[in-house]
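Observations on the model geometry
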Amino acid sequence: MAFFSENGEQAFRGKQVYEWLWKKGVHQFEDMTNLSKETRQFLEESFSINHIEVDTMQRSKDGTLKNAVRLHDGLIVESVLIPTPKRTTACVSSQVGCSLDCKFCATSRLKRMRNLNPDEIYDQVVAIDKQSRLYYNKKLTNIVFMGMGEPLMNYNNVLKAIDKITSDEGLGMSPKRIVVSTSGIPKMIRKMAEDEVKFNLAVSLHSAIDEVRTQIMPFNETFPLKDLREALQFWYTKTKRRITYEYVVWEGINDTTKDILALIDFCKFAPSKVNLIEYNPIDDGIFQQAKTSAIEKYVSMLEAKNITVTVRRSRGKDIDAACGQLANKA
Ligand code: SAH
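Residues numbered from 1 in each chain as written. Predicted model: local features only at pLDDT ≥ 70, side-chain atom pairs only at ≥ 80, totals over all residues. Heavy atoms only, no water.

1. Considering the nonpolar core
Put simply, the test is: Residues belong to one nonpolar core when they are buried, are Ala, Val, Leu, Ile, Met, Phe, Trp, Tyr or Cys, and are joined through side-chain atoms within 4.5 Å. For every residue, the accessible area (1.4 Å probe, protein chains only) is compared with the maximum for its type, and the residue is labelled buried under 20%, exposed over 50%, or partly exposed between those bounds. By definition in these notes, contact holds between two residues if any of their heavy atoms fall within 4.5 Å.
With 98 residues, the main nonpolar core has Phe104, Ile143, Phe145, Leu232, Tyr245, Phe266 and Leu276 as its most contacted residues. Once residues lying within four places of it in the same chain are set aside, the contact partners of isoleucine 143 are Thr89, Ala90, Val92, Val125, Ile165, Met173, Arg177, Ile178 and Val179. Residues Trp20, Phe29, Leu35 and Leu43 belong to the second largest nonpolar core, which totals 8 residues.

What follows is the structure, encoded as structure tokens:
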């Protein structure tokens, strides 16, 4: 706004440009049609707009759309639109690659190249909202931070992006419709609780036994389950909000009664929900989805202890858009 008044223009022009950039997702000054030709040209000469671009879009048989999104420096991240009859969900990335080394996840092979800035995160959401309206005639209803990267390793930028997503000047979405999914970084979970964030938390647990978890998620050595549990306890005391655990059951890794009992024990301190996610193979042959009978056993034992449990089927598998398959396989 100051720029406009200092340059002899009316201050409300600033608001108009803001709306074009952040609400309508326009990336060229020349497309900002409520500004005069002279103003547009003046802006063109004074600024450049660093924006993201959907490089390619793939559509799955089940309607899921996967975008390869090109950033201003040429790096690519992926984001996904998942339509269901009741909701349309955007799954967005928070980093290019990932510094964690989860053995079952394709993104971990990319290593972390850089954090996304708040606008790059926000713009993914705007791009997906546009696609949702265009292809499905519906606006976006939910957002999950389950794309590439570990959101809590890029906490400040993720928070800024969410502020914008939830503000009236941005998309005005409710934080209750946003889930930040973390592999479980205790210090940052405490920070979230202290900051009294209003969005939801999901933790990728996959095992409640240290030896098993360290084998598949090596950083568990540094942040063992005891620390994770204490941080989550703190989160629950502060927020009184249920914790969701994401959990894949693999054959020969975490499919025994002992694994289930450990999970039940881990869930004791707060109301919990367990999402049993279908495994999406990443072509290494090491991990295999457990047998249906093992999954059924998880469900019945958890339910017997009054723990909410859902079995989630994958979406977009045929185009490598499902959880853990995002790895720029163009
Ligand atoms: N780093 C964050 C968010 C990205 S991963 C986190 O760890 O939560 C999003 C979810 O997909 C996580 O629950 C993760 O454990 C899961 N996931 C990763 N690879 C997978 C695979 N091959 N099949 C199924 N789920 C997978």
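2. Thoughts on the sheet that holds strand S9 (residues 200-204)
Note the following rule: Strands are treated as partners if at least two bridges between them are detected by DSSP. Strands here are runs of E lasting at least two residues and helices are runs of H or I lasting at least four, both read from the DSSP assignment and numbered beginning at the N terminus. Every axis in this analysis is a line fitted to C-alpha atoms, fitted for helices over the stretch in contact. Angles between the N-to-C directions lie between 0 and 180 degrees.
Within the open sheet, the 10 strands sit side by side as S1-S2-S3-S4-S7-S8-S9-S10-S11-S12. Their pairing is mixed. With one partner strand each, in any of the chains shown, strand S1 (53-59) and strand S12 (308-312) form the two edges of the open sheet. With strand direction ignored, the average angle separating the axes of adjacent strands in the sheet is 20 degrees. Here strand S2 (residues 65-70) runs beside strand S3 (residues 76-83); their pairing, made up of 6 bridges, is antiparallel. From the neighbouring strand, leucine 65 faces S3, where its bridge partner is leucine 81. Docked against the sheet, helix H4 (residues 118-136) engages S1, S2, S3, strand S4 (88-91) and strand S7 (142-145), running at close to 40 degrees with respect to S3. On top of the sheet, helix H5 (residues 155-166) reaches S7 and strand S8 (178-182); it is set at about 165 degrees to S8, its chief contact.

3. Quick look at the domain arrangement of the protein chain
Under the convention used in this document: Domain limits in this description derive from either an automatic procedure or a database domain assignment. The buried area of a pairing is the accessible area, by a 1.4 Å probe, that goes missing from both parts when the two are put together, added over both. By convention in these notes, a salt bridge is any Lys or Arg side-chain nitrogen within 4 Å of a carboxyl oxygen on Asp or Glu. For this analysis, a polar contact is any N or O atom pair within 3.5 Å, provided that within protein one partner can donate a hydrogen and the other can accept it, and provided that sequence-adjacent residues contribute only side-chain to side-chain pairs. Three classes are used, and their members are as follows: Ala, Val, Leu, Ile, Met, Phe, Trp, Tyr, Cys and Pro are nonpolar, Asp, Glu, Lys and Arg are charged, and the others, Gly among them, are polar.
When cut into domains, the protein chain gives domain 1 (2-46) and domain 2 (53-319). Tallying the contact residues gives 5 residues for domain 1 and 9 residues for domain 2. Around 640 Å² of area is buried between domain 1 and domain 2 when both sides are counted, 51% of it from carbon and sulfur atoms. Among the residues of domain 1 in contact with domain 2, Tyr18, Trp22 and Lys23 are the three that bury the most area, contributing 77% of the side total. Along the contact surface separating domain 1 from domain 2 lie 0 salt bridges. Viewed at the interface, domain 2 and domain 1 are joined by 0 residue pairs in polar contact (both at pLDDT 80 or more). Taken together, the residues that form the side of domain 1 that touches domain 2 break down as 2 nonpolar, 1 polar and 2 charged.

4. Things to note about the pairing of strand S10 (residues 243-248)
Selection rule: Viewed with both strands pointing away, a crossover whose connecting path from the first strand over the helix to the second turns clockwise is right-handed.
Of all 6 residues making up S10, 6 are buried, and the element is well covered by its neighbours. Judged from the 6 bridges that link them, S10 and strand S11 (residues 272-277) form a sheet pairing that is parallel. The residue of S11 that forms the bridge with tyrosine 245 is valine 274. Handedness of the crossover joining S10 and S11 through helix H9 (residues 257-266) is recorded here as right-handed.

5. Topic: the site of the ligand
To be explicit about the condition: One heavy atom within 4 Å of a molecule or strand is enough for the residue carrying it to be called near that molecule or strand. The protein chains shown are the only cover counted for residues, whose accessible areas, like all others here, come from Shrake-Rupley with a 1.4 Å probe.
The environment of the ligand is formed by 21 residues, the closest being Phe104, Ser181, Ser204, His206 and Asn280. Measuring from a nitrogen atom of the ligand, one finds a side-chain N or O atom of glutamate 150 at 3.1 Å. A distance of 2.6 Å separates an oxygen atom of the ligand from a polar side-chain atom of serine 204. Within the complex, the protein chains bury 96% of what would otherwise be the 530 Å² of accessible surface of the ligand. Elements supplying a minimum of two residues to the shell around the ligand: S8 and S10. Along the lines of polarity and charge, the residues of the shell around the ligand split into 9 nonpolar, 9 polar and 3 charged.

6. As for the environment of serine 204
With respect to the helices and strands, the residue serine 204 is situated in strand S9. Judged by relative accessible area, serine 204 falls into the buried class, the value being 13%. Expressed as a C-alpha distance, the spacing of serine 204 and tyrosine 245, which sit 41 residues apart in the sequence, is 5.8 Å.

7. Topic: the pattern of salt bridges
With the rule as written, the count across this model stands at 13 salt bridges. Glutamate 78 is the salt-bridge partner of lysine 66, the closest N and O atoms lying 3.6 Å from each other. Taken together, the residues lysine 66 in strand S2 and glutamate 78 in strand S3 connect sequence positions 12 residues apart. Judged by relative accessible area, which is 3%, lysine 66 ranks as buried. Put simply, arginine 229 and aspartate 265 hold a salt bridge, and the shortest N to O gap is 3.8 Å. Of this pair, arginine 229 sits in helix H8 (residues 225-239) while aspartate 265 sits in helix H9, and the two are 36 residues apart along the sequence. Exposure remark for arginine 229: the relative accessible area of 26% places this residue in the partly exposed category. Residue classification places aspartate 265 among the partly exposed positions, given a relative accessible area of 34%. Within the structure, one salt-bridge network assembled from shared partners comprises Asp73, Arg114 and Glu120.

8. Description of the state of the cysteines
In plain terms, the rule: Cysteine sulfur atoms are paired as a disulfide whenever they fall within 2.5 Å.
Applying the stated criterion across every chain, the model contains 0 disulfides. For the unlinked cysteine cysteine 102, the closest cysteine sulfur is that of cysteine 105, found at 6.1 Å.

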